[in-house]
Amino acid sequence: MKLLLDFGNTRVKVAVSRPSGPELLYSGKTDLETIRGLLSLYDADGGMWCAVRTLPEGLETLMKSFGLECLSSVTPTPLKCAYRTPATLGTDRIAAAAGAWSLKPGNSILVIDAGTAITADFVGPDGTFYGGNIAPGVAMRLQSLHEHTGSLPLVGVDGDCPEFGYDTETAIRSGVLRGVRLEIEALVEETEKAHGPLLVFLTGGDAKYFGLTGKSGIFAVSNLVLQGLDCIGRYNDKDW
């Protein structure tokens, strides 16, 4: 059974590869015994993983013992990489791009991942990954306002978010969330002007806050990185 692991900044997602695509098994804390239990429970005989941070000691060795491959800058993918420094490119970004491409090949694609950071990456219709942008995520912006001012409180992301805040809490929340949404909308508009018709893929835990889903050409895919790992695994292993 091929397993897929996406180690984010705050949690890990684990999925099994199915003919229809990844099936999510677990989303939660990252520690050696939890991962060992999952790999053993589902009788892993290979798969692929990626990480955006340093993993707990012993975890990489454990995954190698079950035959899982680490996605790296030298792993062949269905995309042609035009990034000037591929060794510094987050593997979650290339995985998400490959996942979007596997779902809608032959299109210009903008992949927006709204997590701890907000990344936006562009793939051309010929499958070339050109790179993208990295900006602070929602929680980081809320924390920054609190830490770098003398009196602004730390505001949570959940709660009322009016057009214009009616108190300090809603002013901060609306400023951050509406600001990010307008930032994304402007990026989509500029990319379409420069490159023509565009498909947008939204993923990441904070994507739900921006009210962008349901619009034509915009797709919400919660486990896009896992989709990409599955795509890349199949690309490299005919027996996947």
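Below or above, wherever it landed, is the structure these notes cover. This one's a predicted model, so the numbers in the text were calculated from it and none came from an experiment.

**Considerations on the sheet that holds strand β6 (residues 80-81)**
Strands pair in a sheet through their backbones, by hydrogen bonds, and they do so in one of two ways: parallel or antiparallel.
Consideration 1: Pairing in this open sheet of six strands is mixed, and the strands run β6-β9-β8-β7-β10-β11 from one edge to the other. Each of the sheet's edge strands pairs with one partner strand only, and the pair in question is β6 and β11 (218-220).
Consideration 2: Where strand β7 (residues 109-114) and strand β10 (residues 199-203) come together, five bridges link them in parallel fashion. Bridge pairing links Leu110 to Val200 in β10.
Consideration 3: Its contacts with the sheet put helix α3 (residues 91-103) on β7, β8 (117-123), β9 (128-136) and β10, and the angle it makes with β9 is roughly 125°.

**Some words on the environment of Asp126**
Consideration 1: Tracing the chain through its elements places Asp126 in the loop between β8 and β9.
Consideration 2: In this structure Asp126 comes out as partly exposed when scored by relative accessible area, which is 43%.
Consideration 3: Along the primary structure Asp126 and Ser108 are separated by 18 residues, whereas in three dimensions their C-alpha atoms are 8.2 Å apart.
Consideration 4: Here Asp126 is in contact with Lys80 and Trp101, once residues within four sequence places are set aside.
Consideration 5: A distance of 3.1 Å separates the side chain of Asp126 from the side chain of Thr128, its partner in a polar contact.

**Considerations on the pairing of β9**
Consideration 1: Inspection of the sheet shows β6 paired to β9 by two bridges, in the parallel sense. If you follow Lys80 over to β9, its bridge partner there is Thr128.
Consideration 2: Sheet analysis places β8 next to β9, joined by seven bridges and oriented antiparallel. Looking at β9, one finds that Ala120 is bridged to Asn133.
Consideration 3: Counted along the chain from β8 to the antiparallel partner β9, the turn is four residues long, and its residue Gly127 has a positive phi close to 85°.

What counts and what doesn't
Residues numbered from 1 in each chain as written. Predicted model: local features only at pLDDT ≥ 70, side-chain atom pairs only at ≥ 80, totals over all residues. Heavy atoms only, no water. Pairing = 2+ DSSP bridges. Helix = DSSP H or I, 4+ residues; strand = E, 2+ residues; numbered from the N terminus. Contact = heavy atoms within 4.5 Å. Axes fitted to C-alpha atoms, helices over the stretch in contact; angles between N-to-C directions. Buried < 20%, exposed > 50% of the residue type's maximum accessible area, 1.4 Å probe, protein only. Polar contact = N/O pair within 3.5 Å; in protein donor to acceptor, adjacent residues only side chain to side chain.

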